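Each chain, written out:
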Amino acid sequence: MLLVDDILFAPVRSILWIFREIRDIAQEELDGEAKSITEQLRTLYMQLETGRITEAEFETGEKLLLDRLDEIESRMAAENGEPEEGDADEESDADEEPDEDEESDEDETENTDDAGREPDEM
């Protein structure tokens with residue numbers, strides 16, 4: 001029975017192997033592109049320091065390269081299943097409801113005067 005299973009699942013295993021190889025190659029290309037962008041940033045900094053480009057040219061080039069690098073990092077994080085920075089914090093803060101203790105503290109302070117006494121005690 002084991003031999004029959006191996007024969008039946010061979011095409012599926014082959015296809016999965018091909019997809020894994022494609023994923024690995026794509027990952028290597030993304031890593032290579034990120035390295036290339038950081039190298040371009042180094043070159044840009046060197047050109048600014050040597051005076052070959054102006055500050056305005058540097059800022060536009062740096063912005064383009066950093067935007068591309070951020071895009072690559074977000075794609076890599078999405079492929080790994082990691083949430084993007086800031087997304088998890090914003091969603092968790094919006095979904096949280098205030099604690100009951102906090103609400104009761106607010107109610108107590110509203111019903112007291114400056115001396116901390118209840119209005120009926122005056």
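Cut-offs and rules
- Residues numbered from 1 in each chain as written.
- Predicted model: local features only at pLDDT ≥ 70, side-chain atom pairs only at ≥ 80, totals over all residues.
- Heavy atoms only, no water.
- Helix = DSSP H or I, 4+ residues; strand = E, 2+ residues; numbered from the N terminus.
- Buried < 20%, exposed > 50% of the residue type's maximum accessible area, 1.4 Å probe, protein only.
- Contact = heavy atoms within 4.5 Å.
- Areas by Shrake-Rupley, 256 points an atom, 1.4 Å probe, with all protein chains shown as cover.
- Salt bridge = Lys/Arg side-chain N within 4 Å of Asp/Glu carboxyl O.
- Core = buried A, V, L, I, M, F, W, Y, C linked by side-chain atoms within 4.5 Å.

## Considerations on the overall build of the chain
The helix and strand tally for the chain stands at four helices and zero strands. From first element to last, N terminus to C terminus, the chain shows the α and β order α-α-α-α. Buried positions account for 11% of the 122 residues belonging to the chain. Contacts spanning at least 24 positions in sequence make up 52% of the contacts within the chain whose residues lie at least 6 apart. When the accessible surface of the chain is summed, it comes to about 10,600 Å², and 51% of that surface belongs to carbon and sulfur atoms.

## A look at the pattern of salt bridges
By the definition in use, this model includes six salt bridges. Notably, a salt bridge pairs Glu-33 with Arg-68, separated by 4.0 Å at the nearest N-O pair. Separated by 35 residues along the polypeptide, Glu-33 in helix H1 (residues 2-50) and Arg-68 in helix H2 (residues 55-79) bring together distant segments of the chain. For Glu-33, a relative accessible area of 31% translates into the label partly exposed.

## Observations regarding the nonpolar core
The biggest cluster of nonpolar side chains holds 11 residues, and these are Leu-30, Ala-34, Ile-37, Leu-41, Leu-44, Ile-53, Phe-58, Leu-65, Leu-69, Ile-72 and Met-76. For this core, the secondary-structure elements that each account for two or more residues are H1 and H2. If near-sequence neighbours (up to four positions away) are discounted, Ile-37 is found in contact with Leu-65, Arg-68, Leu-69 and Ile-72.

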